[in-house]
Structures are given as C-alpha cells and as structure tokens.
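Understanding the architecture of this molecule
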Amino acid sequence: MGIIGRLLVIGATLLFFSGCASTSTAGDPFEAVNRKSWDFNYQVMDKYALKPAAEGYETVPQPIRQGVTNLLSNLSEPLYAVNNLLQWKVTDSGSSVLRFVVNTTIGLVGLFDPATDMGLVKKEETFAQTFGVWGIGNGPFIMWPVYGASTARNTVGDFVDVFVYPLSILSFEQRAGKFVLEGLDSRIDFQQYEPILDGSLDPYGYVKDVYLQRDAHLVSDGKVAETESDEFDLEFDDELLDDELLNDAPADDKSDDHTDYKVTD
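Being a predicted model, the structure only gives us computed values, none of them experimental.

**A few points about the packing of helix 4 (residues 77–86) against helix 5 (residues 90–105)**
With their axes 7 Å apart at the nearest point, helix 4 and helix 5 run at an angle of 165° to one another. Looking at the two axes, helix 4 sits roughly antiparallel to helix 5. Helix 4 and helix 5 meet at a crossing whose hand is left-handed. Contact residues: helix 4 offers Glu77, Pro78, Tyr80, Ala81, Asn84 and Leu85, while helix 5 offers Val90, Asp92, Ser93, Ser96, Val97, Arg99 and Phe100. In the contact of helix 4 with helix 5, the residues fall into 7 nonpolar, 3 polar and 3 charged.

**Details of the pattern of salt bridges**
Using the criterion set out here, one finds 13 salt bridges in the structure. When the shortest N-O distance is used, the salt bridge between Arg187 and Asp46 registers 2.6 Å. One end of the pair, Arg187, is in helix 9 (residues 172–190); the other, Asp46, is in helix 2 (residues 31–57), with 141 residues separating them in the sequence. As far as the burial class goes, Arg187 and Asp46 line up, both buried. Between Lys51 and Glu194 there is a salt bridge, and its shortest N-O distance comes to 3.2 Å. Within this pair, whereas Lys51 is found in helix 2, its partner Glu194 is found in helix 10 (residues 194–198), the two being separated by 143 residues in sequence. Bridged by salt links that share partners, the residues Asp46, Lys51, Arg187 and Glu194 form one connected network.

**Some words on a nonpolar patch on the surface**
A contiguous nonpolar surface patch, about 330 Å² in accessible area, is contributed by Val82, Leu86, Val133 and Trp134. Relative to the helices and strands, Trp134 resides in the loop between helix 7 (127–133) and strand 1 (141–144).

**A closer look at the packing of aromatic side chains**
In total, this model carries 7 aromatic pairs according to the counting rule given. Each ring, one from Tyr147 and one from Phe179, has its centre 5.7 Å from the other, and the planes form 5°; the classification is stacked. Of this pair, Tyr147 sits in the loop between strand 1 and strand 2 (148–151) while Phe179 sits in helix 9, and the two are 32 residues apart along the sequence. Relative to Phe163, the ring of Phe159 has its centre 5.3 Å away and its plane inclined at 85°; by these criteria the two rings are edge-to-face. On the basis of relative accessible area, Phe163 is assigned to the partly exposed category, the value being 30%. Ring pairs connect the aromatic residues Phe127, Phe131 and Trp134, which therefore count as one cluster.

Cut-offs used in this document
Residues numbered from 1 in each chain as written. Predicted model: local features only at pLDDT ≥ 70, side-chain atom pairs only at ≥ 80, totals over all residues. Heavy atoms only, no water. Axes fitted to C-alpha atoms, helices over the stretch in contact; angles between N-to-C directions. Helix = DSSP H or I, 4+ residues; strand = E, 2+ residues; numbered from the N terminus. Parallel < 35°, antiparallel > 145°, perpendicular 65-115°, else oblique. Left-handed = near helix turned anticlockwise from the far one by under 90°. Contact = heavy atoms within 4.5 Å. Nonpolar A, V, L, I, M, F, W, Y, C, P; charged D, E, K, R; others polar. Salt bridge = Lys/Arg side-chain N within 4 Å of Asp/Glu carboxyl O. Buried < 20%, exposed > 50% of the residue type's maximum accessible area, 1.4 Å probe, protein only. Patch = residues over 30% accessible without salt bridge, like charges linked within 9 Å, V, L, I, M, F, W, Y side chains within 5 Å. Areas by Shrake-Rupley, 256 points an atom, 1.4 Å probe, with all protein chains shown as cover. Phe/Tyr/Trp six-rings, centres within 6.5 Å; stacked < 30°, edge-to-face > 60°.

No statement about biological role is implied by the geometric values presented.
Encoded structure:
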C-alpha cells in the first residue's frame with residue numbers, strides 16, 4: 001500500500017474513533033482482554049525480561065546511558081517540529097528545528113545536548129497529542145501486549161509518528177532497538193514507584209487512570225480542568241508522573257516518548 005493509501009486508512013480510522021468517543025475520557029469496552037494483557041505484561045514480561053534487563057542496563061555508567069538517551073531523543077526532534085507547527089506553535093516548532101540542527105552537529109549526532117545549554121528547551125509534541133488538540137476523541141482504552149497502555153487515538157498517532165524523517169528511514173531492527181532502549185530507561189525511572197503499584201488494590205485500574213490523566217495533561221499542555229484533575233487524584237511521574245513533579249514542571253516542557261508506563265516496552 002502506497003503512502004496515499006496509508007493516509008486514507010489513517011484518516012478513516014481517526015474519523016471512526018472520533019465518532020466513538022465524544023469526550024476526552026476513554027472508555028474500557030475491552031477490559032477483560034486488557035486485564036489479561038496487563039497480567040502478561042507485568043507478571044511475565046516485566047518480571048522475567050524487562051526488570052532484569054533494566055537492572056543490568058543500570059550498571060552501565062550514567063554518562064553513557066545519558067548519551068544514548070540524548071541520541072534517541074534527538075531523532076524525534078523533527079517529529080516535534082512538525083507537530084508543534086500542526087498545533088500552530090510556530091515558535092516551538094522553530095525551536096525544535098534548531099535543537100535538531102545544533103545537537104546533530106555540535107552535539108555529535110545528538111550524543112550531547114548543547115541546545116538546552118543555549119536555552120533551546122525541548123517541546124515534545126507527537127501526532128497522538130496533535131489529534132487530541134484537534135478534538136479527536138480517545139476511543140477505547142487499550143492495553144497492548146508488550147507495548148503497554150494506549151488508546152485507539154494514541155495507537156494511530158504512534159503509528160503515524162514513524163513516517164516523519166529521520167524515524168522514517170530507520171530499519172525495523174533500528175526501531176526495535178530504539179523501542180527497547182527507551183523502555184529500559186523508562187523501567188529504571190519507574191523503580192521508585194513500583195511499591196505504589198504493587199500496593200494498589202487494582203494495579204490495572206491504577207495504571208489506566210494514571211495513563212489517561214497524563215495523556216490529558218499532555219494534550220492540554222497542563223491546563224486540565226479542575227474537575228477532571230480531581231477525578232484522577234493520583235501520583236505519577238514521566239511513566240507514572242509524581243503529582244508534585246507535574247505541578248513543578250513547566251506546562252509545555254514535557255518529557256519524552258512515548259509515554260505512559262509501558263511494559264516492553
């Protein structure tokens with residue numbers, strides 16, 4: 001299928017999901033299947049693969065891990081530039097372009113982040129967020145095996161992301177490597193919140209609510225309605241954003257990738 005055909009399929013899918021969800025809060029019609037996926041992700045994939053791998057990766061010197069994180073993040077700067085522009089954030093789009101140029105050249109292909117030192121703040125925007133800004137509803141909540149928490153809208157958005165250069169020229173193996181390394185980074189960050197999840201009466205429900213609250217925060221640039229904020233009065237950080245960190249962080253300075261606690265993912 002050519003690029004035009006793909007775009008037509010994407011457009012039709014978004015129209016369908018927009019009609020299925022008139023509010024910003026996703027329903028959970030697939031809860032029975034989602035819970036089974038969650039059990040597999042957390043009790044099998046995380047326990048026997050992701051967590052041990054993350055603990056091993058954590059032994060790598062932090063400067064090296066930071067360089068890898070910077071490199072992977074730099075690959076997404078053009079994606080951020082496109083989506084900032086689609087949301088009419090022209091200045092932020094220009095900042096993303098400059099960050100990509102500076103970090104790719106002076107920063108040695110992105111291993112270092114001199115752009116931040118120059119005052120060019122990262123402005124992360126993906127197609128999932130752009131679709132939300134455009135008023136497209138979440139559609140049903142989905143807990144994908146391995147990939148983790150998402151919604152119908154965000155699943156489509158994540159798919160569209162890979163068509164933006166330079167992500168579009170990565171091979172399957174390179175994309176898989178990027179996915180795994182970002183997942184390991186996320187799992188390391190998540191360790192401090194693991195007791196909260198394990199102590200929850202309903203870990204699946206907790207993760208779902210946290211994911212949806214974080215998604216609403218990203219789409220609205222932190223301007224979530226008070227009623228919605230009160231409904232999900234939870235603690236969470238980058239993958240499960242801690243509420244204090246969320247309130248302290250600038251609304252438009254959102255942290256990377258992809259998003260939510262994803263079990264590799």
